[in-house]
Amino acid sequence: MEKARPASLAPSETVRVTNPDGSSPFVFTCDHASNFLPAEFGTLGLPAEALSRHIAWDPGALPVALRMAEALDATLIETRVSRLVIDCNRPLDAPDLVPPVSETTAIPGNSGLSAKQRAARVDLAWRPFHDTIAQIIERRLARGQETRLVSVHSFTPVYKGKSRPWHIGIIHDDDCRLATPLVAALRRLAGVTVGVNEPYSPADRVYFTLERHARSRGLPCAMIEIRNDEIAGETGQRKWADLLTGIFSNLEPEEAKGSRQSAMGKSVQSAS
């Protein structure tokens, strides 16, 4: 949690963009970057220690994404509000958009919300995040800048009692243009266990941001999931950011080897 953050945030402050005019073809998102709860939500009825757990955010994901963005001269768009308030990587009709239960933990402050209360949360964080991504991509496409969208997440080593052996997972749907060369490069790293659509897949409804902003425009995309014990501290964060930066420095979508046209994308009307 950021020490300098105020008790509450206006909608214009709930999304942050680093390097908006980055020259890299890659645009990164960090959909669960923060465990911050604005003061008006209290602790949502949870003990304070619960807010440091994965249910509130993706620990370690933001430092990795920031270091990659800086090294690659890429743009990064991050949420600044906990996913316990609203999950920006879910469609508006998702049952866990405002999760009443996260993993096995009930969220008292999320039960029994009125339509007006839910709409206020959408306007606070979800809509600014997605509007910002859309605006950045549309500006890039308007100036003919190649664009590839990648979201950076982390996952727990154990989920509901089941161990997860992967150090990193690459999530993709039937567009494998980025995922295939990315997985191949990761599998060349000694001692790294790579999951493909593990520990999640698009069928788990975790692919929304990429579906909304990349797939709808024909842009290459993929999701990165790093096991959070690997990036719990600065050493691990630096290690994984540097490994991924080295890969992304030379990463070309399969289709782009012959033609970059598809990576230039197409402009679409942003949905609300």
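Going by the structure above, here's the rest.
Rules and cut-offs
Residues numbered from 1 in each chain as written. Predicted model: local features only at pLDDT ≥ 70, side-chain atom pairs only at ≥ 80, totals over all residues. Heavy atoms only, no water. Salt bridge = Lys/Arg side-chain N within 4 Å of Asp/Glu carboxyl O. Helix = DSSP H or I, 4+ residues; strand = E, 2+ residues; numbered from the N terminus. Buried < 20%, exposed > 50% of the residue type's maximum accessible area, 1.4 Å probe, protein only. Contact = heavy atoms within 4.5 Å. Axes fitted to C-alpha atoms, helices over the stretch in contact; angles between N-to-C directions. Parallel < 35°, antiparallel > 145°, perpendicular 65-115°, else oblique. Left-handed = near helix turned anticlockwise from the far one by under 90°. Nonpolar A, V, L, I, M, F, W, Y, C, P; charged D, E, K, R; others polar. Bend = angle between axes of the 7 residues up to and from the residue. Core = buried A, V, L, I, M, F, W, Y, C linked by side-chain atoms within 4.5 Å.

What follows covers the pattern of salt bridges. A full pass over the atoms with the stated rule returns 18 salt bridges. Measuring nitrogen to oxygen at the nearest pair gives 2.8 Å for the salt bridge that ties E138 to R217. With E138 in helix α2 (residues 115-142) and R217 in the loop between α4 (208-213) and β11 (221-227), the pair connects residues that are 79 residues apart, well separated along the chain. Using a relative accessible area of 2% as the deciding quantity, one classes R217 as buried. Of the charged contacts, one joins K239 and E230 as a salt bridge, the two residues approaching to 3.6 Å between their closest N and O atoms. What makes K239 partly exposed here is its relative accessible area of 43%. Assessed through its relative accessible area of 19%, E230 is described here as buried. Overlapping salt bridges bring together D173, D174, D175, R177 and R215 as one network.

Before going further, it helps to examine the environment of V206. The residue V206 is located in the loop between β10 (194-196) and α4 in this model. A relative accessible area of 8% means that V206 is categorised as buried. Separated by 116 residues in sequence, V206 and R90 have C-alpha atoms that sit 6.9 Å apart. When sequence neighbours within four positions are dropped, the list of residues in contact with V206 reads N89, R90, Y200, S201 and M223.

Across the interface, helix α1 (residues 61-72) lies against helix α5 (residues 234-249) with an axial gap of 9 Å and an inter-helix angle of 40°. The angle between α1 and α5 falls in the class oblique. α1 and α5 meet at a crossing whose hand is right-handed. On α5, the residues that touch P63, V64, R67, M68, A71 and L72 of α1 are Q237, R238, A241, D242, L244, T245, F248 and S249. A class-by-class count of the residues in the contact of α1 with α5 yields eight nonpolar, three polar and three charged.

Let us now look at α2. Considering bend angle alone, the principal kink of α2 is centred on D123 and spans about 45°. Phi turns positive one or two residues past the end of α2, at G144, with a value near 75°.

The next subject is the nonpolar core. By size, the foremost hydrophobic cluster in this structure holds 45 residues, and its most contacted members are L46, I77, L84, I86, L97, W126 and L149. Every element with two or more residues in this core is listed here: α2, β6 (148-155), α4 and β11. For this core, the element with the most residues is α2, which contributes nine residues. Apart from the residues within four sequence positions on either side, I77 is in contact with V15, R16, V17, V27, F28, T29, C30, F129, T132, I133 and I136. Judged by nonpolar contacts, the second largest core, of 35 residues, contains L62, L76, L182 and L244.

Keep in mind these numbers describe shape, not what the thing actually does.
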